[in-house]
Amino acid sequence: MAPDGGIHSEVTRMFWFGKKNLKLLAPLSGRVVPLEEVPDKVFAGKMLGDGAAIDPDEDGLVVAPCDGELVALFPTGHAFGIRGRKGIEVLVHIGIETVALEGEGFTLIAEAGSCVKAGDPIVRFDRTLVGAKAPSLLTPVIVTTGDRVKSFKAATGNVRAGKDVLLDIEPA
């Protein structure tokens, strides 16, 4: 029963008890790939946390997956981290071993420390150039604060940047 004495839907009950899920949007467009298939032991072994990866299908923009603070933005443009609601932190790592490119093919749009909204542009990358020089374009999207997550569900199939939910997270 809700605080007002009435009977409400599950959504309303979730609101009353603060259990609203955090929905992370896809930071780029492409096909969702299980993290275990990423050709990097650190990501595939979930050493930094759990999540999913995206095989990008178009050049362009990488956007914020959620509202929050841009707590890390590597000067090379290959990765960034956002602290969202309930302290949940998300790492977006564009491609594999892309730090070795030293910023080639990446253009920073946002600034570290800024507050962003889901869908705000963070980085632009040249898919052709980065794809030719990196071992893989698979882009892991990792929840690095697993202790703050009770469960999550990853999307399957194709997702569109800033439009489709990639990870639906139930906070702990």
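Everything in this summary refers to the structure shown in the same document. Think of each chain on its own: its residues are numbered from 1, step by step along the sequence as written. Where totals are concerned, whole chains, interfaces and linings use all residues; where local detail is concerned, this predicted model gives features only for residues with pLDDT of at least 70, and gives and counts side-chain atom pairs only at 80 or more. Each side-chain value is worked out from all heavy atoms of the structure, with water and hydrogens disregarded.

With respect to the nonpolar core
Here is step 1: Core analysis: the largest hydrophobic core is formed by 36 residues, its most contacted members being Leu24, Phe80, Ile122, Val123, Phe125, Leu166 and Ile169.
Here is step 2: Helix and strand definitions here come from DSSP, where helices need a minimum of 4 consecutive H or I residues and strands a minimum of 2 consecutive E residues; each element is numbered from the N-terminal end. If you list the elements that add at least two residues to this core, you get β1 (22–25), β3 (50–56), β5 (68–73), β6 (79–83), β7 (89–93), β10 (121–125), β11 (139–143) and β14 (165–171).
Here is step 3: Between two residues, a contact is recorded if the distance between any of their heavy atoms is within 4.5 Å. Among all residues touching Ile122, those that are not within four sequence positions of it are Val62, Val63, Ala64, Leu70, Leu73, Phe80, Thr107, Leu108, Ile109, Ala110 and Val116.
Here is step 4: One finds Leu35, Phe43, Ile96 and Leu138 within the second-largest nonpolar core, a separate group that totals 10 residues. By nonpolar core is meant a set of buried Ala, Val, Leu, Ile, Met, Phe, Trp, Tyr and Cys residues that side-chain atoms within 4.5 Å join together. Exposure is judged per residue with a 1.4 Å probe applied to protein chains only, and the accessible area is read against the type maximum: over 50% gives exposed, under 20% gives buried, and values in between give partly exposed.

Here we look at the environment of Ile142
Here is step 1: In this fold, Ile142 is placed in strand β11.
Here is step 2: Judged by its relative accessible area of 0%, Ile142 falls in the buried class.
Here is step 3: Along the primary structure Ile142 and Leu91 are separated by 51 residues, whereas in three dimensions their C-alpha atoms are 5.1 Å apart.
Here is step 4: Not counting the four nearest positions on each side in its chain, Ile142 is found in contact with Leu35, Phe43, Leu48, Gly49, Asp50, Glu89, Val90 and Leu91.

A short note on a nonpolar patch on the surface
Here is step 1: Residues Val42, Met47 and Leu48 make up a contiguous nonpolar surface patch of roughly 270 Å² in combined accessible area.
Here is step 2: Its location among the elements puts Val42 in helix α2 (residues 41–44). Exposure above 30% relative accessible area and the lack of any salt bridge qualify a residue for a patch; like charges then connect within 9 Å, and the nonpolar side chains Val, Leu, Ile, Met, Phe, Trp and Tyr within 5 Å. Here, Shrake-Rupley sampling with a 1.4 Å probe gives the accessible areas, and only protein chains in the shown set may cover a residue. Here, a salt bridge means any Lys or Arg side-chain nitrogen found within 4 Å of an Asp or Glu carboxyl oxygen.

What to know about the sheet that holds β7
Here is step 1: Strand order in this open sheet of eight strands is β9-β5-β6-β7-β11-β3-β2-β13, and the pairing throughout is antiparallel. Edge strands, defined here as strands with exactly one partner in the open sheet, are β9 (115–116) and β13 (158–159).
Here is step 2: Two strands pair if DSSP finds at least two bridges between them. Where strand β2 (residues 30–34) lies against β3, five bridges are found, and the strand directions are antiparallel. Opposite Arg31, over in β3, you have Asp55 as the bridge partner.

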